[in-house]
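# Descriptive analysis of the structure
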Amino acid sequence: MKYQEVVKKAQNARKKAYGNGKVKFSPCKTWLEGDQINLWTYWQGYQLKDIDEKGVDILLVGQDWGNPFAKKNDIMMERIKKIQSGDNTMRYDEKASPTDKNMAKMFKSFGDNIDILKDDPGMRLFFTNYSLGYRTDSESGGMTRELMKKDKQFFDDLVLAIKPKIIICLGQLTYEMVAGQKTDGFCERLKEGKPFEALFPLKHDIKVYGVAHCGSRGRQNIGGIENMQRAWNYIAKEYFDLIKSASDSHENVGKPFTMQKTDGITISFENGEDGQVLITRSNRPSETVIMSADMICKCLGI
């Protein structure tokens, strides 16, 4: 499924109000008239016009956007509408909040040149909230797993469409929904500067990380900004290890290599002509077996 197909599917499903006793979601006209999965994506992600072909480096996931109908968000909504209209000079938020500035600081773990407050942040980043509902009452609080589950299929489709290298989740509930597992001692672990981590259930080559929200409460819950930074530094190190490993594997594609069996015999593989592979064994050095790559894959069952 292509990214825009995921967006349309989600928008078609969110044209009616829903909620529970504490949280009420209402259709958001600004979101429904746009072409992105979430209003937050107008900060980072909407710029990637080649997302289906190239994917993204990091998918950042929050819980839900909040209340776009609140008076205090009027200016923000107007800015989003201008971005939707094609105004390339408009940014998501003219003046970053303390929370946004803290998050910008966290992303510096990936390099001094990474700046999420710019239109080109220096990486292929994509921001979305897991819940695609838009509140009509309080900005936060009252969220449940049952409400989050209503958007599980859309989130799973999104991940498979944009193919992030890693996923970073803000907050315990968001992480548990993305990772598909409950956690114990979420804040205690983060106080040690260690993020939670798991493999994305539908695609095991994507690592999912759980960190604290960058707001004041999130920082307080884990003992301060220093602990938060340590967790992000850990994620960044693993990210660059992943990139290096993928690069090394790509460079070795097609190169000759050898492998040793348990009986001590060494088998060598080398490219031949027309996609063929030349195979020699150390116990029979004068004999060369010629096989096609397709036949090797068939023998290995891949």
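Residues numbered from 1 in each chain as written. Predicted model: local features only at pLDDT ≥ 70, side-chain atom pairs only at ≥ 80, totals over all residues. Heavy atoms only, no water.

Scanning the protein from N- to C-terminus turns up 12 helices and 11 strands. With 302 residues in all, the protein has 45% of them scored as buried. Within the protein, counting contacts between residues at least 6 apart in sequence, those at least 24 apart form 64% of the total. A total accessible area of about 16,300 Å² is found for the protein, and carbon and sulfur atoms account for 51% of it. (Helix = DSSP H or I, 4+ residues; strand = E, 2+ residues; numbered from the N terminus. Buried < 20%, exposed > 50% of the residue type's maximum accessible area, 1.4 Å probe, protein only. Contact = heavy atoms within 4.5 Å. Areas by Shrake-Rupley, 256 points an atom, 1.4 Å probe, with all protein chains shown as cover.)

Attention shifts here to the packing of aromatic side chains. Using the criterion set out here, one finds 20 aromatic pairs in the structure. Here the aromatic rings of Tyr42 and Tyr46 are separated by 6.1 Å at their centres, their planes lie at 40°, and the arrangement is tilted. The exposure classification of Tyr42 matches that of Tyr46, with both residues buried. When the ring of Phe186 is compared with that of Phe196, the centres are 5.2 Å apart and the planes differ by 15°; the resulting orientation is stacked. Of this pair, Phe186 sits in helix 9 (residues 186-191) while Phe196 sits in strand 6 (residues 196-200), and the two are 10 residues apart along the sequence. Residue Phe196 is classed as buried on the basis of its relative accessible area of 12%. Put simply, the rings of Trp40, Trp43, Tyr92, Phe107, Phe110, Phe127, Trp232, Tyr239 and Phe240 touch in pairs and so form one group of aromatic residues. A cation over a ring is seen here: Arg14 above Tyr18, with NZ or CZ 4.7 Å from the ring centre. (Phe/Tyr/Trp six-rings, centres within 6.5 Å; stacked < 30°, edge-to-face > 60°. Lys NZ or Arg CZ within 6 Å of the ring centre and 35° of its normal.)

It is worth spelling out the sheet that holds strand 4 (residues 125-129) at this point. Spatially, the 5 strands line up as an open sheet ordered 4-3-5-7-6, and their pairing is mixed. The sheet is open, and its two edges are formed by strand 4 and strand 6, each paired on a single side. For this sheet, the mean angle separating the axes of adjacent strands, direction not counted, is 25°. Judged from the 5 bridges that link them, strand 3 (residues 56-62) and strand 5 (residues 164-170) form a sheet pairing that is parallel. Of the residues in strand 5, the one forming a bridge with Leu59 is Ile167. Relative to the sheet, helix 7 (residues 152-162) contacts strand 3, strand 4, strand 5, strand 6 and strand 7 (203-211), its axis offset from that of strand 3 by approximately 165°. (Pairing = 2+ DSSP bridges. Axes fitted to C-alpha atoms, helices over the stretch in contact; angles between N-to-C directions.)

Within this structure, the stated rule accounts for 19 salt bridges. When the shortest N-O distance is used, the salt bridge between Glu33 and Lys29 registers 3.9 Å. Given the relative accessible area of 58%, Lys29 is considered exposed. Lys72 is paired through a salt bridge with Glu139; the nearest N and O atoms lie 3.9 Å apart. With Lys72 in the loop between strand 3 and helix 4 (74-84) and Glu139 in the loop between strand 4 and helix 6 (145-149), this residue pair connects regions lying 67 residues apart in the sequence. (Salt bridge = Lys/Arg side-chain N within 4 Å of Asp/Glu carboxyl O.)

So, on to the nonpolar core. Met103, Phe107, Phe110, Ile167 and Trp232 are the most contacted members of the largest nonpolar core, which has 80 residues in total. In contact with Phe110, other than residues within four places in its own chain, are Ile58, Met123, Ile166, Ile168, Trp232, Ile235, Ala236, Tyr239 and Phe240. (Core = buried A, V, L, I, M, F, W, Y, C linked by side-chain atoms within 4.5 Å.)

Put simply, helix 1 (residues 3-13) and helix 7 touch, their axes get as near as 9 Å, and they point 170° apart. Viewed along their axes, helix 1 and helix 7 adopt a mutual orientation that is roughly antiparallel. Contact with helix 1, carried on its side by Tyr3, Val6, Lys9, Ala10 and Ala13, involves Gln153, Phe154, Asp157, Leu158, Ala161 and Ile162 of helix 7 and no other residues of that element. (Parallel < 35°, antiparallel > 145°, perpendicular 65-115°, else oblique.)

Positive phi is not limited to glycine here, since Lys163 has a value of about 50°. Inspection of the secondary structure puts Lys163 in the loop between helix 7 and strand 5.

A few words now on helix 1. Along helix 1, the residues that are buried comprise Tyr3, Val6, Val7, Ala10 and Gln11. For helix 1, the arc enclosing every buried residue in end-on projection is 130°, short of the 170-degree limit, so these residues lie on one face. As for helix 1, its buried residues are in contact with helix 2 (29-32), helix 3 (51-54), strand 4 and helix 7. (Arc of directions from axis to C-beta.)

With that settled, consider the side chain of Thr174. Tracing the chain through its elements places Thr174 in helix 8 (residues 172-179). In terms of polar contacts, Thr174 uses its side chain to reach the backbone carbonyl oxygen of Leu170, at 3.3 Å. Once you skip the residues sitting within four places of it in the chain, Thr174 turns out to touch Val61, Gly62, Gln63, Met148 and Cys169. (Polar contact = N/O pair within 3.5 Å; in protein donor to acceptor, adjacent residues only side chain to side chain.)

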